[in-house]
Amino acid sequence: MSAMVEIFEEQDLAERFRRGDDSVFDRIVEQHSAEIAALANRLLGWPGEVDDVVQEVFLAAFLALKRFRGECRLRTWLFTITVNKCRSFRFRRRRSPPGPMSDSTESVVGPDRSGDEATMDEESFARVRRAVQTLPPKYREVIVLKYLQGLDTAETCRLLGITANAMQVRLNRARNRLRERLSDLFEEER
């Protein structure tokens, strides 16, 4: 489906919901739940609470969708809710110690690894995944949204409520930290 068709369909669904057709919400959930779960997985770094986050995201969306003004894509709006819910979960988790993190590759990237991720050997990929998980949340968020979710700069900035300059600073700092942690991987490629 082309991006323009997707945008028009999202706008139509949101408008129908605002007019009182609650049945379209099931379609919204169906269209976006896998992507929301993958984003939550990547942001949290632990898979145990992803289902809870996804439920909270769609509950919040259901309660607020009638006020959705369409100033951004519905997908971006749902991503914003997801980022905020993940931040809340991280805050709650800080108060209670986390359980052991999963070593499964899917805990961060979801089942749909593609392109470069599929060609990277499993051990290297696991190291990259762990390195991303160790980033401070504000750096992990920009890496996940920009590179793993494929959002453009404007969407990422709008979603996080930061300027393009702030995003570039965070991206550069995140890449530098990853480069330091994974320096031997970069040397192997040369």
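Everything that follows concerns the structure shown earlier in this document.
Residues numbered from 1 in each chain as written. Predicted model: local features only at pLDDT ≥ 70, side-chain atom pairs only at ≥ 80, totals over all residues. Heavy atoms only, no water.

### Brief notes about the overall build of the protein
For the protein, the count of helices and strands is 11 helices and 0 strands. Reading the secondary structure of the protein in the N-to-C direction produces α-α-α-α-α-α-α-α-α-α-α. (Helix = DSSP H or I, 4+ residues; strand = E, 2+ residues; numbered from the N terminus.)

### Structural notes on the pattern of salt bridges
Two side chains carrying opposite charge are able to pair once their charged atoms lie near each other. Within the structure shown, the criterion is met by 10 salt bridges. The salt bridge involving R75 is made with E35; its shortest N-O contact spans 2.9 Å. Here the residue R75 occupies a position in helix α4 (residues 74-95), and E35 occupies one in helix α2 (residues 24-44), the gap between them amounting to 40 residues. For the salt bridge of E56 with K85, the shortest nitrogen-to-oxygen distance reads 3.8 Å. On the criterion of sequence distance, the pair formed by E56 in helix α3 (residues 50-64) and K85 in helix α4 is long-range, its members being 29 residues apart. On the basis of relative accessible area, E56 is assigned to the partly exposed category, the value being 24%. Judged by relative accessible area, which is 23%, K85 ranks as partly exposed. Counted as one network, the salt bridges with shared partners bring together D12, R16 and D21. (Salt bridge = Lys/Arg side-chain N within 4 Å of Asp/Glu carboxyl O. Buried < 20%, exposed > 50% of the residue type's maximum accessible area, 1.4 Å probe, protein only.)

### Concerning helix α9 (residues 153-160)
Residues E155, T156, C157, L159 and L160 constitute the buried set of α9. The backbone nitrogen of A154 lies 3.2 Å from a side-chain oxygen of the residue at the head of α9, namely D152. Positive phi appears at G161, one or two residues downstream of α9, with a value of about 70°. (Polar contact = N/O pair within 3.5 Å; in protein donor to acceptor, adjacent residues only side chain to side chain.)

### Concerning the packing of α2 against α3
The description of two packed helices rests on the angle between their axes and on the distance between the axes. Taken N-terminus to C-terminus, the directions of α2 and α3 make an angle of 135°; their axes are 9 Å apart at the nearest point. With respect to α3, the axis of α2 lies oblique. When the axes of α2 and α3 are compared, the crossing they make is right-handed. Judged by residue contacts, F25, I28, V29, H32, S33, I36, A37, A40, N41 and L44 of α2 engage V50, V53, V54, V57, F58, A61 and F62 from α3. Split into classes, the residues belonging to the contact of α2 with α3 amount to 14 nonpolar, 3 polar and no charged. (Axes fitted to C-alpha atoms, helices over the stretch in contact; angles between N-to-C directions. Parallel < 35°, antiparallel > 145°, perpendicular 65-115°, else oblique. Left-handed = near helix turned anticlockwise from the far one by under 90°. Contact = heavy atoms within 4.5 Å. Nonpolar A, V, L, I, M, F, W, Y, C, P; charged D, E, K, R; others polar.)

### Observations regarding the packing of aromatic side chains
By the definition in use, this model includes 5 aromatic pairs. With a centroid separation of 5.3 Å and an interplanar angle of 70°, the aromatic rings of F17 and F62 are classed as edge-to-face. In this pair, F17 is assigned in helix α1 (residues 3-18) and F62 in helix α3, connecting sequence segments 45 residues apart. A residue is classified by how much of its surface remains accessible, and F17, at 1% relative accessible area, is buried. Take F62: its relative accessible area is 33%, and that puts it in the partly exposed class. Residues F25 and F62 carry aromatic rings whose centres are separated by 5.1 Å and whose planes lie at 80° to one another, so their mutual orientation is edge-to-face. With F25 in helix α2 and F62 in helix α3, the pair connects residues that are 37 residues apart, well separated along the chain. (Phe/Tyr/Trp six-rings, centres within 6.5 Å; stacked < 30°, edge-to-face > 60°.)

### Some words on the environment of G70
Examined against the element boundaries, G70 turns out to sit in the loop between α3 and α4. Sequence separation between G70 and E10 is 60 residues; the distance between their C-alpha atoms is 9.3 Å.

### Description of a positive patch on the surface
Side chains of K138, R173, R177 and R181 sit close together on the surface and give a patch of like positive charge. Assignment of secondary structure puts K138 in helix α8 (residues 137-148). (Patch = residues over 30% accessible without salt bridge, like charges linked within 9 Å, V, L, I, M, F, W, Y side chains within 5 Å. Areas by Shrake-Rupley, 256 points an atom, 1.4 Å probe, with all protein chains shown as cover. Lys, Arg positive; Asp, Glu negative; His and termini not counted. Charge placed at Lys NZ, Arg CZ, Asp CG, Glu CD.)

### What about α2?
The periodicity of an α-helix, 3.6 residues per turn, causes residues three or four positions apart to be oriented the same way. Taking 1.5 Å as the rise per residue, α2 with 21 residues should run 30 Å; its terminal C-alpha atoms sit 29 Å apart, in good agreement. Most pronounced at H32, the bend in α2 amounts to some 50°. Of the residues one or two after α2, G45 is the one with positive phi, at around 80°. (Expected span 1.5 Å × (residues − 1). Bend = angle between axes of the 7 residues up to and from the residue.)

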